[in-house]
Amino acid sequence: MRRHAQTIITSVNAMASCTVNLFAGSSAVTKNSQLSTCTAYDVGESTNIKWHEGGVSRDAKEQLLNQKGCVLWFTGLSGSGKSTVACTLEHALIGEGKLTTLMDGDNIRHGLNSNLGFSSTDRVENIRRIGEVSKLFADSGIITLVSFISPYRNDRCKVRERLQPGQFIEVYMKVPLSVCETRDPKGLYKKARSGQLKGFTGIDDPYEEPENAELVIEAAGPDGNLRRPEDQAAQILEYLKLKGYLQASQK
Ligand SMILES: Nc1ncnc2c1ncn2[C@@H]1O[C@H](COP(=O)(O)OS(=O)(=O)O)[C@@H](OP(=O)(O)O)[C@H]1O
Ligand SMILES: Nc1ncnc2c1ncn2[C@@H]1O[C@H](COP(=O)(O)OP(=O)(O)O)[C@@H](O)[C@H]1O
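Residues numbered from 1 in each chain as written. Chains lettered and ligands numbered in written order. Predicted model: local features only at pLDDT ≥ 70, side-chain atom pairs only at ≥ 80, totals over all residues. Heavy atoms only, no water.

**Points about the site of ligand 2**
For clarity, the threshold we go by: Definition of nearness: a residue and a molecule or strand are near each other if at least one heavy atom of the residue lies within 4 Å of the molecule or strand. Any pair of N or O atoms that falls within 3.5 Å is considered a polar contact. Within protein, one atom must be able to donate a hydrogen and the other to accept it, and sequence-neighbouring residues count only if both atoms are side-chain atoms. We count a stretch as a helix when DSSP gives it H or I for four or more residues in a row; a strand needs E for two or more, and each element gets its number in order from the N terminus. Polar here means any residue outside two lists: the nonpolar Ala, Val, Leu, Ile, Met, Phe, Trp, Tyr, Cys and Pro, and the charged Asp, Glu, Lys and Arg; Gly therefore counts as polar.
Close to ligand 2 lie 14 residues, the nearest being Gly 79, Lys 82, Ser 83, Thr 84 and Arg 227. Within the side chain of Arg 183, one N or O atom sits 3.4 Å away from a nitrogen atom of ligand 2. Mapped onto the shell around ligand 2, the elements with two or more residues apiece are α3 (82–95) and α9 (229–242). If one sorts the elements of the shell around ligand 2 by residue count, α3 sits on top with three residues. Class assignment for the residues of the shell around ligand 2 results in three nonpolar, seven polar and four charged.

**Regarding the sheet that holds strand β6 (residues 143–147)**
Under the convention used in this document: By the convention used here, strands pair only if DSSP detects at least 2 bridges between them. Lines fitted to the C-alpha atoms define the axes, with helices restricted to the stretch that makes contact. Angles between their N-to-C directions range from 0 to 180 degrees. Working rule for contacts: check all heavy atoms of both residues, and any pair within 4.5 Å makes them a contact.
If you walk across this open sheet you meet the five strands as β5-β6-β4-β7-β8, and the pairing is parallel. Both outer strands of the open sheet, β5 (100–104) and β8 (215–218), are each paired with one neighbouring strand and no more. Neighbour-to-neighbour, the strand axes of the sheet open up by a mean angle of 20°, direction not taken into account. Two strands pair when backbone bridges link them, and β5 and β6 are joined in this way by five bridges, in the parallel orientation. Residue pairing in the sheet places Leu 102 in a bridge with Leu 145 of β6. Against the sheet, helix α5 (residues 120–138) engages β4 (70–75), β5 and β6, with an angle of about 150° to β4. With respect to the sheet, α9 is in contact with β4, β7 (168–174) and β8, its orientation differing from that of β8 by roughly 160°.

**Things to note about the sheet that holds strand β1 (residues 29–34)**
Strand order in the open sheet made by the three strands is β1-β2-β3, with antiparallel pairing throughout. Of all strands in the sheet, those bounded by a partner on one side alone are β1 and β3 (46–49). Neighbour-to-neighbour, the strand axes of this sheet turn through a mean angle of 20°, independent of strand direction. When β1 meets strand β2 (residues 39–43), the two strands line up antiparallel, connected through five bridges. Following the sheet pairing, Thr 30 is matched in β2 by Asp 42.

**Regarding the nonpolar core**
Convention followed: Take the buried Ala, Val, Leu, Ile, Met, Phe, Trp, Tyr and Cys residues and link them wherever side-chain atoms come within 4.5 Å; each set so joined is a nonpolar core. Classification of residues uses two cut-offs on accessible area relative to the type maximum, computed with a 1.4 Å probe and protein chains only: under 20% is buried, over 50% is exposed, and between them is partly exposed.
Core analysis: the biggest nonpolar cluster contains 21 residues, and Leu 72, Phe 74, Leu 89, Ile 169 and Ile 236 have the highest contact counts within it. Those elements that provide at least two residues to this core are β4, α3, β6, β7, β8 and α9. It is α9 that contributes the most residues to this core, five residues altogether. If we ignore the near neighbours within four places in the chain, the residues touching Leu 89 are Leu 72, Phe 74, Leu 145, Ala 233, Ile 236 and Leu 237.

**Quick word on the UniProt feature "domain: APS kinase" (unreviewed entry) in the protein**
The test is simple: UniProt positions are given in the numbering used here, feature names are shortened, and annotations may be inferred rather than shown by experiment.
Residues given the UniProt feature "domain: APS kinase" (unreviewed entry) here are residues 68–218. Helix makes up 40% of residues 68–218 and strand 18%, and the two end C-alpha atoms of the span are 26 Å apart.

**Observations concerning the packing of aromatic side chains**
Here is the rule we go by: Each pair of aromatic rings taken from Phe, Tyr and Trp, with Trp reduced to its six-membered ring, is defined by centres within 6.5 Å and is described as stacked if the planes are under 30 degrees apart, edge-to-face if over 60, and tilted in the remaining cases.
Enumeration according to the criterion identifies four aromatic pairs in this entry. Relative to Phe 168, the ring of Trp 73 has its centre 5.9 Å away and its plane inclined at 35°; by these criteria the two rings are tilted. Here Trp 73 is found in strand β4, whereas its partner Phe 168 is found in strand β7, with 95 residues between them in sequence. In terms of burial, Trp 73 and Phe 168 fall into one category: buried. Clustering of aromatic rings is evident, with ring pairs tying together Trp 73, Phe 148 and Phe 168.

**Some points on the site of ligand 1**
Applicable threshold: Calculation of accessible area relied on Shrake-Rupley with a 1.4 Å probe; when residues are assessed, cover is drawn exclusively from the protein chains displayed.
Within the structure, ligand 1 sits among 19 residues, and Ser 78, Arg 109, Asn 126, Ser 150 and Gly 199 are positioned closest to it. Lys 186 has a polar side-chain atom sitting 2.9 Å from an oxygen atom of ligand 1. Taking Thr 201, its main chain carries an N or O atom lying 3.4 Å from a nitrogen atom of ligand 1. When isolated, ligand 1 has an accessible area of 620 Å², and the protein chains bury 92% of it. No other element matches α5, which puts three residues into the shell around ligand 1.

**So, α3**
Counted only if it meets this: What a helix is expected to span follows from its residue count: subtract one and scale by 1.5 Å. Relevant arc is that of directions from the helix axis to the C-beta atoms, nothing else.
The end-to-end C-alpha distance of α3, which contains 14 residues, comes to 20 Å, matching closely the 20 Å that a straight helix rising 1.5 Å per residue would cover. Three or more residues of α3 are buried, namely Lys 82, Val 85, Ala 86, Leu 89, Glu 90 and Leu 93. When α3 is viewed along its axis, its buried side chains cluster within an angular range of 140° and face the same direction. The exposed set on the far side of α3, more than 90 degrees from its buried face, consists of His 91 and Gly 95. Lining the buried residues of α3 we find β4, β5, β6, β7 and α9.

So this is what it looks like as C-alpha cells:
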C-alpha cells in the first residue's frame, strides 16, 4: 500500500514535467484552437489533437524493473553481425534478470513495416517508425534492442533527438565490407554484385558510418583474429553495467 502510494506521488510529480517534454523533437506543431476545456494542436497530418497526460511515469516503471529504459541501436552492413550479437546480448540480459525487447529489420519487415521496400524514402520511413516504437518501449523502462542496417546518418540522429539524453546508445558493428561479403549468409551480396539485386547497401546504395557511436564493435581483436559474437555481446553488457543501465536511479 505504501509502495503504491509512493508510485502515485511519483507519477503526479512526473506529470508536471510532461508538458515540457511533450513535443521534443516533433516538427510542425501548431496551436490550432482553444476548445472549451483544452488547447488543440495540429501535428503533421493530424489536426485538432490533444496530448493526454497523467500516465504512470517512466521512473515508476524503471523502479519496478530495477533498470533504466534505453535503446541499443545496432547499425551496420548486412552480415556485420547485428542480429547475432543483439540476440546473444538479449539472452545475457534476460539471464541478468532484465526485461528486454528485440526488434530486427528482417522480422519487422514481415509485419509492421511490410509495406516498405528499400528505396531511400522507404528506408527513411522504416527507421522513423522503428525509432518511435523503440521510444515507446524505452519510455516503459524496457531495454530495447534494435537491429536495422539504418544506413543514413541523419535518420539515426533524428531517433537520438527524439530520446532523452543517455537513452539512445548507438552500437556500430564496424565490420569491413569484405568480411560481410565473405559471410553472405543469404547470398544477397552475390546477387547484388551480379546485378540481380539493385540498391543493395554497401554495393550500390550508401552506408554512412556513425561518427559518435557510444559503442564501436570491431570485427577483429588486438591479435587480428575475428572476435566471437559472445565476446562482442560481453563488451556491450559491460558498458551497460558500468553506465548504470542495469539498475534504476537511486531514490
Ligand atoms: N537492397 C537491400 N539493401 C539492404 N538489405 C536488403 C536489401 N534487400 C533486402 N535486404 C534484406 O533486408 C535486411 C535489411 O533490412 P533493414 O530494415 O534493416 O534495412 S534498412 O535499415 O531499412 O536499410 C537485410 O538484412 P540484414 O542482412 O540482417 O541486415 C537484408 O537481408
Ligand atoms: N562475430 C562473428 N564472427 C563470425 N561470424 C559471425 C559473427 N557474427 C555474426 N556472424 C555470422 O555472420 C552472418 C551474418 O550475421 P547476422 O547476425 O545475420 O548479421 P546482420 O544481422 O548484420 O545481417 C551469420 O551467418 C552469422 O552466423
